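Fold and geometry: a report
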Number of protein chains: 2
Amino acid sequence: MKRTAFFISDGTGITAETLGNSLLTQFESIHFTSITLPYIDTLEKAEAAVAKINQATKQDGASAIVFDTIINEDIRNLIAASNSFKIDVFATFLKPLENELDTHSSYSVGKSHAIQETSRYKERIASVNFALDNDDGARTQQYDKADIIIVGVSRCGKTPTCLYLALQFGIKAANYPITIEDLEHSGLPNILRNYRDKLFGLTIDPFQLAAIRHERRPNSQYASMNQCEFEVREVEKRLRQVDIKMINTTYFSIEEIATRVMVESGLKRRLA
Amino acid sequence: MKRTAFFISDGTGITAETLGNSLLTQFESIHFTSITLPYIDTLEKAEAAVAKINQATKQDGASAIVFDTIINEDIRNLIAASNSFKIDVFATFLKPLENELDTHSSYSVGKSHAIQETSRYKERIASVNFALDNDDGARTQQYDKADIIIVGVSRCGKTPTCLYLALQFGIKAANYPITIEDLEHSGLPNILRNYRDKLFGLTIDPFQLAAIRHERRPNSQYASMNQCEFEVREVEKRLRQVDIKMINTTYFSIEEIATRVMVESGLKRRLA
């Protein structure tokens with residue numbers, strides 16, 4: 001069965017999209033085509049959206065599912081009149097919240113980003129810059145300023161994890177790849193020994209690692225199953241020897257890896 | 001007035017958090033302290049969460065607000081018994097969706113990330129790598145493979161925008177800083193002229209630019225108001241001359257900048 005889902009907002013659409021995806025993935029038997037329509041903030045844009053919705057409903061032979069987080073009533077009413085099954089997020093939850101909080105909501109567009117945005121922006125940019133400056137073991141002099149230092153074999157997911165930690169949580173995350181040269185000596189690389197409390201390990205299934213490395217450097221020694229197995233086994237062993245926590249990234253999304261790192265490391269997010 | 005809000009999930013908590021933040025920021029008169037509790041996937045963890053919730057309610061002298069996206073019924077019931085005002089996202093929306101779709105939902109934890117995760121992961125990693133490889137004008141040979149090339153003065157927000165485009169939408173975004181040296185010649189830098197259709201401009205208020213640069217290099221010529229004004233004015237003029245679209249990043253969050261770039265460039269996201 002086939003259905004079209006729309007995530008519609010007068011802002012970025014991230015809330016409608018996040019919520020909608022969470023709900024729709026609970027229905028495995030149905031194939032959804034997802035369409036996000038952000039910044040639907042005029043009646044003209046709303047009319048164009050309605051045309052798209054009605055078209056999808058006609059084509060699928062079944063109502064399109066519409067998740068919306070539109071504040072403006074006129075625009076919302078227009079969308080509501082479309083030929084669709086509608087989940088109106090704000091209408092559903094704002095009223096009960098108003099009652100509980102005994103106050104009116106401001107119903108203002110994009111509020112979720114306007115407040116404290118400048119300091120939040122600066123904090124995030126500073127963290128992203130930190131992740132970039134301290135990516136891939138490029139620099140180690142700033143490790144005393146790091147909130148966390150992610151370690152693991154090359155291509156196990158360290159960089160995107162650090163960037164996500166920076167963007168989402170404002171965490172200053174450095175990362176250090178433990179290379180085949182590092183493994184010629186016993187234990188952890190010297191530079192890491194002073195920062196034991198900040199270390200956090202990522203590991204990966206050697207088979208998947210070989211596949212990822214193969215895309216980067218086809219048929220190289222670096223991408224060989226033998227070397228991947230050796231590196232993963234050695235790095236895991238050395239991290240376990242000194243009780244460094246470790247997450248296997250093989251079956252997780254970047255969001256999940258980063259969130260698990262936050263939970264298991266006990267780090268506090270720096271962004272509200 | 002002061003209230004504590006909890007975002008609770010047996011997964012990452014991103015859905016509960018995104019939805020909850022969107023709703024709570026509609027209530028400007030109340031100061032919320034937000035606490036995200038991800039991976040509440042055992043009764044023990046749920047009991048600890050309940051203790052925290054009850055403690056907050058007691059301390060604030062008003063019910064904590066709980067947003068949850070927990071699938072497991074036993075765990076959800078435990079949380080439901082806490083002393084709080086509860087917004088149960090799945091309970092509210094899954095039933096109507098089941099009726100509309102005429103099927104049962106799978107109620108399985110973390111489904112939103114499990115499906116197609118491997119290919120999604122690879123796509124994102126490839127895009128993040130592309131953004132890193134082509135950051136800050138470091139390389140220009142891969143511009144033919146770029147989905148978009150973000151241009152603007154140094155420190156106007158290009159890098160985090162590119163990374164967000166990569167992580168969130170799977171877009172391959174390069175970025176090129178137009179420097180004071182580039183401005184010695186007329187028009188756009190030569191390297192960019194072959195890629196006019198891929199260019200997208202970011203600009204920024206010179207005052208904010210000076211503040212940001214000042215943090216990076218205090219009291220430098222680079223951070224002076226004079227130079228910031230000159231660079232911004234010149235870059236804007238040159239981009240306008242050849243009809244390159246432009247967004248002013250000064251008052252927007254990274255999510256908003258990236259989403260606006262998607263809308264205005266007409267790019268299609270590569271991640272479902």
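Whatever comes next refers back to the structure up there.
Presented here is an overview of the structure given in this document.

Procedures and definitions
Residues numbered from 1 in each chain as written. Chains lettered and ligands numbered in written order. Predicted model: local features only at pLDDT ≥ 70, side-chain atom pairs only at ≥ 80, totals over all residues. Heavy atoms only, no water. Disulfide = S-S within 2.5 Å. Buried < 20%, exposed > 50% of the residue type's maximum accessible area, 1.4 Å probe, protein only. Least-squares fit on C-alpha atoms with pLDDT ≥ 70 in both. Contact = heavy atoms within 4.5 Å. Buried area = accessible area lost by both parts, 1.4 Å probe. Salt bridge = Lys/Arg side-chain N within 4 Å of Asp/Glu carboxyl O. Nonpolar A, V, L, I, M, F, W, Y, C, P; charged D, E, K, R; others polar. Phe/Tyr/Trp six-rings, centres within 6.5 Å; stacked < 30°, edge-to-face > 60°. Helix = DSSP H or I, 4+ residues; strand = E, 2+ residues; numbered from the N terminus. Lys NZ or Arg CZ within 6 Å of the ring centre and 35° of its normal. Core = buried A, V, L, I, M, F, W, Y, C linked by side-chain atoms within 4.5 Å. 1 Å grid on protein atoms, 1.4 Å probe; cavity = no way out; pocket = protein on both sides within 12 Å on 5 of 7 lines; lining within 4 Å. Points joined across faces, edges and corners; volume = space filled by probe spheres on them. Pairing = 2+ DSSP bridges. Axes fitted to C-alpha atoms, helices over the stretch in contact; angles between N-to-C directions.

1. So, the state of the cysteines
Residue and element names in this part refer to chain A. Tallying each qualifying case throughout the model produces zero disulfides over all chains. Considering cysteine sulfurs only, Cys162 is the nearest to Cys156, which forms no disulfide, with 9.7 Å between them. Accessibility expressed as a relative area gives 1% for Cys156, which makes it buried.

2. Remarks on the relation of the copies chain B and chain A
When chain B is fitted to chain A, the residual RMSD is 0.0 Å, and the transformation amounts to a turn of 180° plus an axial shift of 0.0 Å. Here the symmetry operator amounts to a two-fold rotation axis. An overlap of 100% is found between the interface residues of chain B and their copies at the interface of chain A, pointing to a shared contact surface.

3. Looking at the interface of chain B and chain A
Where interface size is quoted, it is often the accessible area lost as the parts come together. Contacts between the two partners involve 78 residues from chain B, matched on the other side by 78 residues from chain A. A combined buried area of about 7300 Å² lies between chain B and chain A, and 67% of that area is made up of carbon and sulfur atoms. Between chain B and chain A we count eight salt bridges in total. With a shortest N-O distance of 2.9 Å, Arg124 of chain A and Glu255 of chain B are connected by a salt bridge. Of the residues belonging to the side of chain B that touches chain A, the class tally is 36 nonpolar, 23 polar and 19 charged.

4. Details of the packing of aromatic side chains
This model, assessed by the stated rule, comprises seven aromatic pairs over all chains. Note on Phe7 of chain A and Phe67 of chain A: the rings are 5.7 Å apart at their centroids and 45° apart in plane angle, and the pair reads as tilted. A residue pair is termed long-range when its members are at least 10 positions apart, and Phe7 of chain A in strand β1 (residues 2-9) and Phe67 of chain A in strand β3 (residues 64-69) qualify at 60 residues. Accessibility classification places Phe7 of chain A together with Phe67 of chain A in one group, the buried group. For the pair Tyr164 of chain A and Phe169 of chain A, a centre-to-centre distance of 6.4 Å together with 75° between the ring planes defines the contact as edge-to-face. Directly above the aromatic system of Tyr222 of chain B lies the positively charged group of Arg217 of chain B, at a separation of 4.1 Å from the ring centroid.

5. Brief notes about the nonpolar core
Counting 96 residues, the largest nonpolar core has Ile149, Leu165 and Val261 of chain A together with Ile149, Leu165 and Val261 of chain B as its most contacted members. Excluding anything up to four places from it in sequence, Leu165 of chain B contacts Ile148, Ile150, Gly170, Ile171, Ala173, Ala258, Val261 and Met262 of chain B. Grouped together as the second largest cluster of nonpolar side chains are 40 residues, Phe90 of chain A together with Phe7, Leu97 and Leu101 of chain B included.

6. Here's the deal with empty space enclosed by the protein
Within this structure, the stated rule accounts for one cavity of 30 Å³ or more. Roughly 30 Å³ of internal volume is contained in the largest cavity. Considering the residues around the largest cavity, the lining is formed by Gln168, Phe169, Thr259 and Arg269 of chain A together with Thr12, Gly13, Ile14 and Glu17 of chain B. Listing elements by their share of the lining of the largest cavity, those giving two or more residues are α7 (158-169) of chain A together with α1 (14-24) of chain B. Of the residues that constitute the lining of the largest cavity, the class distribution is two nonpolar, four polar and two charged.

7. Overview of the sheet that holds strand β8 (residues 246-248) of chain B
Residues and elements named next belong to chain B. Strand order across the open sheet formed by four strands is β6-β5-β7-β8, with parallel pairing between neighbours. Looking at which strands have only one partner, the edges of the open sheet turn out to be β6 (173-177) and β8. The average angle at which neighbouring strand axes cross in this sheet is 25°, direction not considered. Pairing between strand β5 (residues 148-152) and strand β7 (residues 199-203): three bridges, direction parallel. By the bridge assignment for β7, Ile150 is matched with Phe200. Sheet contacts for helix α7 (residues 158-169): β5, β6 and β7; angle to β6, the most-contacted strand, approximately 175°.

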